[in-house]
Amino acid sequence: MPSLQDPLLIFTDLDGTLLDIHTYDWQPAASWLERLQDEQIPVILCSSKTAAEIDDIQQELGLAGLPFIAENGAVIQPDVRWEPATRVVGRLAHDDISHALAQIRQHASFKFTSFDDVDEGVIAEWTGLNRVRSQLARRHEASATLIWRDSDEQLARFEEALAAQGLKIVQGARFWHVLDARCGKDVAVNWLVEQYRLHEGLEPITLGLGDGPNDAPLLDSVNVAVVVKGINRHGITLKDDSPARVYHSQRPGPAGWREGLDHFLS
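Let me begin by describing the structure that accompanies this report. In this text the structure is predicted, and so the values were computed from the model without any measurement.

## A closer look at unusual backbone geometry
Cis geometry marks the peptide bond from glutamate 83 to proline 84, where omega comes out at -10 degrees. The topology assignment puts proline 84 in the loop between β4 (75-77) and β5 (88-89). You will see that tyrosine 24, though not glycine, has its phi angle at about 65 degrees, which is positive. One non-glycine residue, serine 109, lies in the positive phi region at around 60 degrees. In this structure, serine 109 sits in the loop between α3 (94-108) and β6 (112-114). According to the relative accessible area criterion, serine 109 is exposed, its value standing at 51%.

Here's what the structure looks like:
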């Protein structure tokens, strides 16, 4: 069991995990966020959201300046104290991915709607975000977000077409995300852990929290993990789901997030 006295790093998903999937409320987790800040334990946001969204959310949660992982690992922001603290972005830019998606859709008539196909008003209707946050949600740097509107059989064909272009698709709590096949939440987590070793001289103990299938790489790459109760019908399949390493919360969202930290750290 980790403790607050350990060199702990906490990696957490946002929607459906630290944030309520419907209201985006995080208040049930507020007491733990304050305690972790007092103990100087980094809470590293690790989400499919864009860096612009996460910058904004960090300010709201009191986590500004800490590292974060955006776009399912395609974008990594180091700690602002590290030099050089340059954002790491996947080799395939958003425009390249959007162009590839347009070609694939034209060739095979796959049915999906991407964030590039609509304006922020539609995104606000899909997500429940306000207009400002919906604008930030469209500012992809190295991935694309979409709603899949076709069959499971077509999805398998779509994955093959993406792989031929060096891309992959991952499923979040609400949307699907296309990014460079070389990127991932696990790759980003491992990179940041190594940066903590180099810059802070630490051998970190890592705790991860997530609720969707795209969080499996994150939860597989940490020492202990919390699977927050989610809405996805497929759930999360982990390589090592032993009770000593993984806790499954009874409650969803930030209440489940708090429950997971109570289990491992209280």
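## Re the packing of aromatic side chains
Tallied over the entire structure, the rule returns nine aromatic pairs. Summarising the aromatic geometry, the rings of phenylalanine 112 and tryptophan 148 are spaced 6.3 Å apart at their centres and angled 10 degrees between planes, so their arrangement reads as stacked. Here tryptophan 148 lies in strand β7 (residues 143-148) and phenylalanine 112 lies in strand β6, a separation of 36 residues in the sequence. For phenylalanine 112, a relative accessible area of 6% translates into the label buried. A centroid spacing of 6.3 Å and a plane angle of 50 degrees characterise the contact between tryptophan 126 and phenylalanine 175, whose relative ring orientation is tilted. Within this pair, whereas tryptophan 126 is found in helix α4 (residues 120-127), its partner phenylalanine 175 is found in the loop between β8 (167-171) and β9 (176-180), the two being separated by 49 residues in sequence. The class of phenylalanine 175 is buried, set by a relative accessible area of 9%.

## Observations concerning the sheet that holds β4
Taken in spatial order, the eight strands of this open sheet run β5-β4-β3-β2-β1-β10-β11-β12, and their pairing is mixed. The open sheet has two free edges, formed respectively by β5 and β12 (246-252), since each of these has just one partner strand. Where β4 lies against β5, two bridges are found, and the strand directions are antiparallel. Of the residues in β5, the one forming a bridge with isoleucine 76 is valine 88. Packing of helix α2 (residues 51-61) onto the sheet brings it into contact with β2 (43-46), β3 (68-70) and β4, and relative to β3 it is tilted by some 145 degrees. Sitting on the sheet, helix α7 (residues 185-200) is in contact with β1 (8-12), β2, β3, β4, β5 and β10 (205-210), with an inclination near 155 degrees to β1.

Reading the values: rules and limits
- Residues numbered from 1 in each chain as written.
- Predicted model: local features only at pLDDT ≥ 70, side-chain atom pairs only at ≥ 80, totals over all residues.
- Heavy atoms only, no water.
- Helix = DSSP H or I, 4+ residues; strand = E, 2+ residues; numbered from the N terminus.
- Buried < 20%, exposed > 50% of the residue type's maximum accessible area, 1.4 Å probe, protein only.
- Phe/Tyr/Trp six-rings, centres within 6.5 Å; stacked < 30°, edge-to-face > 60°.
- Pairing = 2+ DSSP bridges.
- Contact = heavy atoms within 4.5 Å.
- Axes fitted to C-alpha atoms, helices over the stretch in contact; angles between N-to-C directions.

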